[in-house]
Amino acid sequence: MRFLITDDHGTVLATLEAPPEGAVSVAIEREDEPDLLFASADLYGDGSVHVGHWPNGVEWEVLLRATGTPNPYGSSKPRMQPAPPPGQVSAQEIAELLDSLPLDEDVLDVAVHEAFAEQASEVNNQGLAAQVEYLAGRCADVHALRDLLTDLTA
């Protein structure tokens, strides 16, 4: 069973594979004090999760046992609104960068493809509703979206 560790926006931070028989454990601790543990999650091969902590510093106490909760958005949990876009770059700033850096079109071509691939991966990891919403943003209207989706299902 593969588990995705994501942030509130659905960005995948890590993936963990739980064995079919057994579990993998994840602990949350501070880098500057590795002995200071906050919480842990045991991720089981059957898809269930046990979340707990160490209230006395020794014995682990389970706070939650869960098998997941579907929601109407098609993902495993409601997502926060996407992070706001980064600040806009003015046409003048772009022109200054073009003048001041020895940019290579082929290298930038690869960078653009990688940026779009990362965005596509983030959308795909959010489920069917997010995928359709993303495609809707690229279509002129609902008729164009319906045509696109119909073509994909043919």
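These numbers come from a predicted model, not from an experiment. (Residues numbered from 1 in each chain as written. Predicted model: local features only at pLDDT ≥ 70, side-chain atom pairs only at ≥ 80, totals over all residues. Heavy atoms only, no water.)

A. Structural context of the overall build of the chain. For the chain, the helix and strand inventory stands at four helices and six strands. Listing every helix and strand of the chain by position from the N terminus yields β-β-β-β-β-β-α-α-α-α. For the chain, the proportion of its 154 residues judged to be buried stands at 13%. Here the chain displays about 11900 Å² of accessible surface, and carbon together with sulfur accounts for 58% of that area. (Helix = DSSP H or I, 4+ residues; strand = E, 2+ residues; numbered from the N terminus. Buried < 20%, exposed > 50% of the residue type's maximum accessible area, 1.4 Å probe, protein only. Areas by Shrake-Rupley, 256 points an atom, 1.4 Å probe, with all protein chains shown as cover.)

B. Region of the structure containing the pairing of strand β5 (residues 49-53). Pairing of strand β4 (residues 37-44) with β5 involves four bridges; the strand directions are antiparallel. Considered in β5, the bridge of S40 is made with G52. Pairing geometry for β5 and strand β6 (residues 61-66), over five bridges, is antiparallel. Counterpart to H53 in the pairing with β6 is E61. (Pairing = 2+ DSSP bridges.)

C. Broad picture of the sheet that holds β6. Strand order in the open sheet made by the four strands is β3-β4-β5-β6, with antiparallel pairing throughout. A strand with exactly one partner marks an edge of an open sheet, and here the two such strands are β3 (23-29) and β6. Each neighbouring strand pair of the sheet contributes to a mean axis angle of 20°, computed without reference to strand direction. (Axes fitted to C-alpha atoms, helices over the stretch in contact; angles between N-to-C directions.)

D. Here's a closer look at the pattern of salt bridges. Scanning all chains against the criterion turns up three salt bridges. Notably, a salt bridge pairs R2 with E17, separated by 3.1 Å at the nearest N-O pair. Of this pair, R2 sits in strand β1 (residues 2-6) while E17 sits in strand β2 (residues 12-17); the two residues are 15 residues apart in sequence, bridging distant segments of the chain. One continuous salt-bridge network, built from bridges that share partners, spans R30, D32 and E33. (Salt bridge = Lys/Arg side-chain N within 4 Å of Asp/Glu carboxyl O.)

E. Just the packing of helix α2 (residues 105-124) against helix α3 (residues 128-136), in detail. Two numbers describe how α2 lies on α3: the axes approach to 8 Å, and their chain directions differ by 135°. Looking at the two axes, α2 sits oblique to α3. From α2, Q119, V123 and N124 reach across to α3, where they touch A130, Q131 and Y134. When the residues that make up the contact of α2 with α3 are grouped by side-chain class, the tally is three nonpolar, three polar and no charged. (Parallel < 35°, antiparallel > 145°, perpendicular 65-115°, else oblique. Contact = heavy atoms within 4.5 Å. Nonpolar A, V, L, I, M, F, W, Y, C, P; charged D, E, K, R; others polar.)

F. Quick look at the side chain of S48. Its location among the elements puts S48 in the loop between β4 and β5. Only 2.7 Å separates the side chain of S48 from the side chain of D46, close enough to count as a polar contact. Ignoring any residue separated from it by four or fewer positions in sequence, one finds S48 in contact with F3, D42, L43, A66 and T67. (Polar contact = N/O pair within 3.5 Å; in protein donor to acceptor, adjacent residues only side chain to side chain.)

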